[in-house]
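Structure assessment
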Amino acid sequence: MFKKVFGKIPKKSSKGSENRDQGGNSRSHGVVASKNSDNVTLPGSSKTGNVSSSSSSSLNVGQGQYHNNHGNKSSLPLNENSNGNFNSYEALPAFRDVHNSEKPSLFIKKLRMCSVVFDFTDPTKHLKEKEVKRQTLVELVDYVSSVNAKFSETVMQEVVKTVSVNIFRTLSPQPRENKLIDGVELEEEEPSMDPSWPHLQIVYELFLRFVASPELDAKLAKRFIDQSFILRLLDLFDSEDPREREYLKMSLHRIYGKLMAHRPFIRKSINNTFLNFVFETEKHNGIAEFLEILGSIINGFALPLKEEHKLFLVRILIPLHKPKCLAMYHQQLSYCVTQFVEKDCKLADTIIRGLLKYWPITNSSKEVMFLGELEEVLEATQPPEFQRCMVLLFRRVAHCLNSPHFQVAERALFLWNNDHIVNLIKQNCKVILPIIFPALEKNTKTHWNQAVHSLTLNVKKIFQDLDPDLYKECLQKFEQDLSKEGEVTAGREATWKRLEEVAAKKAAGNEAVLISKTLPRKSAS
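Residues numbered from 1 in each chain as written. Predicted model: local features only at pLDDT ≥ 70, side-chain atom pairs only at ≥ 80, totals over all residues. Heavy atoms only, no water.

- As named in an unreviewed UniProt entry, the protein chain is Serine/threonine protein phosphatase 2A regulatory subunit, taken from Pisum sativum.
- According to the UniProt record, the Function (unreviewed entry) comment for the protein chain is "The B regulatory subunit might modulate substrate selectivity and catalytic activity, and also might direct the localization of the catalytic enzyme to a particular subcellular compartment."
- Taken verbatim from the UniProt record of the protein chain, the Subcellular location (unreviewed entry) comment is "Cytoplasm". (UniProt positions renumbered as here; feature names shortened; annotations may be inferred.)

**Some thoughts on the overall build of the protein chain**
- Across its full length, the protein chain holds 21 helices and six strands.
- Each of the 525 residues in the protein chain was classed as buried or not, and the buried ones make up 47%.
- In the protein chain, once contacts between residues fewer than 6 apart in sequence are set aside, the share between residues at least 24 apart is 69%.
- On the protein chain, roughly 27600 Å² of surface is accessible, and the fraction owed to carbon and sulfur atoms is 51%. (Helix = DSSP H or I, 4+ residues; strand = E, 2+ residues; numbered from the N terminus. Buried < 20%, exposed > 50% of the residue type's maximum accessible area, 1.4 Å probe, protein only. Contact = heavy atoms within 4.5 Å. Areas by Shrake-Rupley, 256 points an atom, 1.4 Å probe, with all protein chains shown as cover.)

**Looking at unusual backbone geometry**
- With an omega of -5 degrees, the peptide bond between Leu303 and Pro304 qualifies as cis.
- Inspection of the secondary structure puts Pro304 in the loop between α11 (287-299) and α12 (307-317).
- If you check the backbone angles, His126 has positive phi at about 55 degrees while not being a glycine.
- The topology assignment puts His126 in the loop between β4 (117-118) and α4 (127-146).
- For His126, a relative accessible area of 13% puts it in the buried group.
- We note that Glu282 has phi near 55 degrees; this positive angle belongs to a residue other than glycine.
- With respect to the helices and strands, the residue Glu282 is situated in the loop between α10 (263-281) and α11.

**Observations concerning helix α14 (residues 348-357)**
- Most of α14 is tucked away, with seven of its 10 residues classed as buried.
- Along α14, the residues that are buried comprise Ala348, Asp349, Ile351, Ile352, Gly354, Leu355 and Leu356.
- Summarising the contacts, the buried residues of α14 are in contact with α12, α13 (330-343), α15 (364-379) and α16 (383-401).

**With respect to the environment of Pro198**
- Mapped onto the elements of the fold, Pro198 is located in helix α6 (residues 197-212).
- The sequence separation of Pro198 and Arg134 amounts to 64 residues, and the corresponding C-alpha distance is 8.1 Å.

**Quick look at the nonpolar core**
- The biggest cluster of nonpolar side chains holds 131 residues, and the ones touching the most others in it are Leu317 and Trp416.
- Element by element, the count of residues in this core is highest for α6, at 10 residues. (Core = buried A, V, L, I, M, F, W, Y, C linked by side-chain atoms within 4.5 Å.)

**Some thoughts on the packing of aromatic side chains**
- Under the definition given, this model contains 21 aromatic pairs.
- With 4.5 Å between their ring centres and 20 degrees between their planes, Phe95 and Tyr143 make a pair best called stacked. Highlighted residues: Phe95 in the loop between β3 (64-65) and α3 (103-113) and Tyr143 in helix α4, separated in sequence by 48 residues.
- Its relative accessible area of 10% is what places Phe95 among the buried residues.
- Relative to Tyr247, the ring of Trp197 has its centre 5.8 Å away and its plane inclined at 55 degrees; by these criteria the two rings are tilted. Taken together, the residues span a long stretch of sequence, with Trp197 in helix α6 and Tyr247 in helix α9 (residues 242-258) at a distance of 50 residues. The exposure classification of Trp197 matches that of Tyr247, with both residues buried.
- A connected cluster of aromatic rings, assembled from ring pairs, spans Phe386, Phe394, Trp416 and Phe463.
- Against the face of Phe95 rests Lys110, its NZ or CZ located 5.4 Å from the ring centre.
- Directly above the aromatic system of Phe120 lies the positively charged group of Lys130, at a separation of 4.6 Å from the ring centroid. (Phe/Tyr/Trp six-rings, centres within 6.5 Å; stacked < 30°, edge-to-face > 60°. Lys NZ or Arg CZ within 6 Å of the ring centre and 35° of its normal.)

**Quick notes on the packing of α9 against α10**
- Following both chains from N to C, one finds α9 and α10 inclined at 140 degrees, their axes separated by 9 Å at the closest point. Here α10 runs oblique to α9, going by the angle between their axes. Along its contact with α9, which presents Leu252, Ile255, Tyr256 and Gly257, the element α10 presents Arg263, Ile266, Arg267 and Ile270. (Axes fitted to C-alpha atoms, helices over the stretch in contact; angles between N-to-C directions. Parallel < 35°, antiparallel > 145°, perpendicular 65-115°, else oblique.)

**Considerations on the pattern of salt bridges**
- Tallied over the entire structure, the rule returns 20 salt bridges.
- Between Asp241 and Arg243 there is a salt bridge whose closest N-O contact spans 2.8 Å.
- Take Asp241: its relative accessible area is 1%, and that puts it in the buried class.
- A relative accessible area of 33% places Arg243 in the partly exposed class.
- The salt bridge partner of Lys322 is Glu282, with a shortest N-O separation of 3.9 Å. Placement of the pair is Lys322 in the loop between α12 and α13 and Glu282 in the loop between α10 and α11, with a sequence separation of 40 residues.
- Here Lys322 falls in the partly exposed class, since its relative accessible area comes to 36%.
- Its relative accessible area of 28% is what places Glu282 among the partly exposed residues.
- One network of salt bridges, with partners in common, ties together Glu246, Lys249 and Glu292. (Salt bridge = Lys/Arg side-chain N within 4 Å of Asp/Glu carboxyl O.)

**Focus: the side chain of Ser403**
- Residue position: Ser403 is located in the loop between α16 and α17 (406-413).
- For Ser403, a relative accessible area of 9% translates into the label buried.
- Ignoring any residue separated from it by four or fewer positions in sequence, one finds Ser403 in contact with Val408, Ala409 and His447.

**Focus on the environment of Pro214**
- Assignment of secondary structure puts Pro214 in the loop between α6 and α7 (218-224).
- Assessed through its relative accessible area of 63%, Pro214 is described here as exposed.
- When the C-alpha positions of Pro214 and Val147 are compared, they lie 9.6 Å apart, and in sequence the two are 67 residues distant.
- Those residues in contact with Pro214 that sit more than four places away from it in its chain are Lys150 and Lys258.

What follows is the structure, given as structure tokens:
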């Protein structure tokens, strides 16, 4: 997978051939920073332009700081001269051109060199410097991938610093409007693509390979990839750029797998994001990616399930069905939920009741999604759990069968195409058929859609072949109820006719019309 992802990264060009063409040495394409260099952000500083004189904004490399030829602090990183100071943003020697003993120190120098963030909103500025940085980042990725010695604490610290400087920034998302109006999805807007992605991608690849490297000592790494770092990483999941979210997902999953001490904190932090999304904002770009990570985590839960994990299902996953934008992440959410049923079949009743609690009443597209997820849950449900919730469940299914939206009715009827669900229904036919029989009869008589009509006839035939006597009883009861309903309707019409006659008679004499208490009221049905 990494080869596939890394294949998208621009390949580094040969410095040797480049230098020969230019007739210079390995530093020939370095550019001296001008005094007026601007729009380059240094680590520790949110401003662009010249570096602030505060200690938090200066970059210390060895014993020297970055200076330009005038002795002033420059906004560009500068290569080290004989005095330990830096005077130009030039490419450092390639790893293959130095002795093995010098590679760790060169690695750190290259990391510090890449700790400068350029302004990519203006593609005409600092072109050479940006290319030098890109080439250096590619070299760093290659080095991390091929290193065969344990990373020292200094190296870990410098890698985390360089990655932090480059990826941690204030996201400026486009104004997000509700994409659903009356349950109808509007045409999705194009995601916002970060112009700095050509560099960001290589930084993410560097960090991903660093975390995945077998030369990383997890006990030492957790001191630098700490809770503060993880929280800032989680904040980036709200990025508009799907390419960045994909890298974040892979990186966080690697951290979760390798730094076991941070696992509870990561789960808790993601849960807080979910709660804020469900009950406060209903706006977040990274919910699907979070759920993909959790789906893999849930798959690895040991049995019996801990109480913490069951609470996560009830308090987090089930309420995630509430937001209107469910379609953005429903596939991943459904996978997480069904994983719980497969882990512990006794949770099926809890999940089905939870779905019924958040069942959409006026949003047909969400209702179709709920029916699809319900089928997946029922497929892993055992008879004892099914019997606990079947009455409530098939009352809701009966409503869906009579839905005027043909996709909802059709999706509900598709439940009978699943052999496992049909077997559960057959075992409890005496309870289920009386609940849904009126809905089936109404569909055959009044539903406007021909496909729904045909599917309904097929379901009726299943029940008729299964238990003819029960089917006849239900048919008789339905006809009796229909007859009673006709009598009630006729009585109601007679009452209104009597009221009209009395009102017309009294109206001529300007007399008040008194309604007798014995008049029948409208039936609750």
